[in-house]
Every structure is written in C-alpha cells, then in structure tokens.
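In case you want the letters, here they are:
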Amino acid sequence: GAGVSQTPSNKVTEKGKYVELRCDPISGHTALYWYRQSLGQGPEFLIYFQGTGAADDSGLPNDRFFAVRPEGSVSTLKIQRTERGDSAVYLCASSLTGNQPQHFGDGTRLSIL
Amino acid sequence: GENVEQHPSTLSVQEGDSAVIKCTYSDSASNYFPWYKQELGKRPQLIIDIRSNVGEKKDQRIAVTLNKTAKHFSLHITETQPEDSAVYFCAAISYNTDKLIFGTGTRLQVFP
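A brief look at the structure comes next.

The rules behind each value
- Every chain begins its residue count from 1, and numbering advances along the sequence as written.
- Chains and ligands are labelled sequentially in the order written, the chains with letters from A and the ligands with numbers from 1.
- Confidence filtering applies because this is a predicted model: local features only for residues at pLDDT of at least 70, side-chain atom pairs given and counted only at 80 or more, and all residues used for totals across whole chains, interfaces and linings.
- Derived side-chain values reflect all non-hydrogen atoms in the structure, with water molecules and hydrogen atoms excluded from consideration.
- At least two bridges found by DSSP between two strands are what make those strands a pair.
- A run of DSSP states H or I qualifies as a helix once it reaches four residues; a run of E qualifies as a strand once it reaches two. Both are numbered from the N-terminal end.
- Axis definition: a line fitted to C-alpha atoms, limited for helices to the stretch in contact. Angles are taken between N-to-C directions and run from 0 to 180 degrees.
- What is meant by a nonpolar core is a set of buried Ala, Val, Leu, Ile, Met, Phe, Trp, Tyr and Cys residues, joined one to another through side-chain atoms within 4.5 Å.
- The buried label applies to any residue whose accessible area, calculated with a 1.4 Å probe on protein chains only, is under 20% of its type's maximum; exposed applies above 50%, and partly exposed to all values in between.
- Contacts were defined at the residue level, with two residues in contact if any of their heavy atoms lie within 4.5 Å.
- Contacts described as polar in this section are N or O atom pairs within 3.5 Å, which, within protein, must combine one atom able to donate a hydrogen with one able to accept it, while residues neighboring in sequence count only if both atoms come from side chains.
- Accessible area that two parts lose when put together, with a 1.4 Å probe and added across both, is what the buried area reports.
- Only protein atoms enter the 1 Å grid used here, on which a cavity is any set of points holding a 1.4 Å probe that cannot leave and a pocket is any open set flanked by protein within 12 Å on both sides along at least five of seven lines; residues with an atom within 4 Å of a point are listed as lining.
- Grid points are joined across faces, edges and corners, and a volume is the space filled by probe spheres set on the points.

Now for the sheet that holds strand β3 (residues 19-25) of chain B. All names here are of chain B. Taken in spatial order, the five strands of this open sheet run β1-β3-β8-β7-β6, and their pairing is antiparallel. The open sheet has two edge strands with one neighbour each: β1 (4-7) and β6 (56-59). Between one strand axis and the next, the sheet turns by 15° as a mean value, whatever way the strands run. Of the pairings in the sheet, the one linking β3 to strand β8 (residues 72-77) comprises six bridges and is antiparallel in character. Residue pairing across strands places Val20 opposite His76, the latter belonging to β8.

Glancing now at the nonpolar core. Judged by nonpolar contacts, the single largest core of 24 residues is most densely connected at Trp35(B), Phe73(B), Leu75(B), Tyr88(B) and Leu108(B). Here Phe73(B) is in contact with Ile21(B), Lys22(B), Cys23(B), Tyr25(B), Phe33(B), Trp35(B), Thr65(B), Leu66(B), Cys90(B) and Ala91(B), once residues within four sequence places are set aside. Counting 20 residues, the second-largest nonpolar core is a separate cluster that includes Val4(A), Leu32(A), Leu60(A) and Ile112(A).

Attention now moves to the side chain of Asp49(B). Along the chain, Asp49(B) turns up in strand β5 (residues 45-51). Residue classification places Asp49(B) among the buried positions, given a relative accessible area of 13%. A distance of 2.6 Å separates polar atoms of two side chains, one belonging to Asp49(B) and the other to Tyr32(B). Of the polar contacts made by the side chain of Asp49(B), one reaches the side chain of Lys57(B); its length is 2.8 Å. Leave out the neighbours within four places in its chain, and Asp49(B) touches Pro101(A), Tyr32(B), Phe33(B), Pro34(B), Lys57(B) and Val64(B).

The next subject is the interface of chain A and chain B. Residue-level contacts link 22 residues of chain A with 20 residues of chain B. Buried area between chain A and chain B, summed over both chains or domains, comes out near 1,600 Å², and the portion from carbon and sulfur atoms is 47%. Looking at the side of chain A facing chain B, the largest losses of area belong to Asn99(A), Gln102(A) and Phe104(A), adding up to 35% of the total buried there. For the side of chain A that touches chain B, the elements supplying multiple residues, two or more each, are β4 (31-37), β5 (44-50) and β10 (103-104) of chain A. The biggest single contributor to the side of chain A that touches chain B is β4(A), with three residues.

Bringing the layout of surface pockets into the picture now. Considering only enclosed or pocket space, the largest pocket measures out at about 700 Å³ in volume. Taken together, 32 residues make up the lining of the largest pocket; nearest its centre are Gln37(A), Leu39(A), Arg109(A), Gln38(B) and Gly41(B). Every element with two or more residues in the lining of the largest pocket is listed here: β9 (88-95) and β11 (108-112) of chain A together with β9 (86-94) and β11 (106-111) of chain B. With four residues, the top contributor of residues to the lining of the largest pocket is β11(A).

Here's what the structure looks like:
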C-alpha cells in the first residue's frame, strides 16, 4: 500500500522491558513525525525528523525515549525501562516536506502490564 | 508554546442537519490548520486544511473558515450523514515549527 505503515499493531509487555516501534513512511516523504495518543485525547507530539536528523525532539517525555531514522526513511521509536504510564497508541505520520499535510499510520497500541 | 482549544466536546445532530466545531489557537505565528476525522480504533484521517493566507475553503459538504484576527477557525459539515459520526480534531502548526498541536477533540454523533 501507499500509506504510512506501522508495526507491530499491538504490543503488550511487562513493566521494565524495552520496546521498539517501527514506522515506514510514504515513499518520498522526507518529514516523519511521532505522536502519542492516550484514550480520549488528541495526539501529542513527540519528535520530528527531516531526513535523517531529528529536527525537533522537544516532545519526548524523558530520556527513556529515543528515536532514530538512519537512512532517512524507516524510523524506530525506542522506549527503555517501560512504565505503565507509557501505555498509549503511538502514531507515526509523514509529509512530503516540513509544513505540509501530515498523513498518519494506524498506530501501535502499546500496553505495559 | 502553542495551545489549541476545541468546542464542543460532544455534538449530536439529526441526519441532514449541519454541524459546526470551533477551535481557537494561541500562537499568532500559526499558519497551517488541518482537521482530522478519527473513527474508533482507526488512524486520524486528514479531511480538510487551510493556510493562513486563505479565509475559507470548501470541499463538497465540508468547509473550514479562518479568522486570523480572532485566532479561531471552524469546521462546518452540511447535510450530515450517519457515516460522519466520529471524533474530529483540529490542529495548528506555527511557521517556525513543524509539529501539529491538536485540540481535545469533538465527538460527533449523527442520528438517522
């Protein structure tokens, strides 16, 4: 398909474990974004990549969260020492360049037990 | 930082009626305002957007208006249908950042 692809769709893990969430943006889109959505709320910004570099990581809640995009396409969001409060839907979006319409993937529903 | 407020939080209308959702933003540097529709368990879907150099934009039954002076923008849905039922989010981006700041969402229910 031509849309933003996220894997896994669901992830259940125990408190304290490490998780990786993957995002495959729309082909040709240079800008990639991660958001987090808790139940009943709007998505909250985490980090924005332009190409391979993180242009804005001001939304990452603490140093347990880290994201990479080594080749300017696929991105991985990494969460260390997971806590129950990290449970949410993690959404990825991409756009052709910055300040352009952002298109979202289906998200990864992360549950920390 | 930017803050986006959205009202109402829930909206119930009869099929065929119009629905209006309103948002205000705080950052006068905001220049792009998209609206997303999100059905339960699904991705946010971009339905319409507007830039700060335009006052109104229409796409079939959906329209968005922007008042830069008052820093508010609205979504208008005419001739509502049951399939319009979803949560709608407004958002804003400032010209010097690229992160979307979302409103708190409006749950729209259209009754047949």
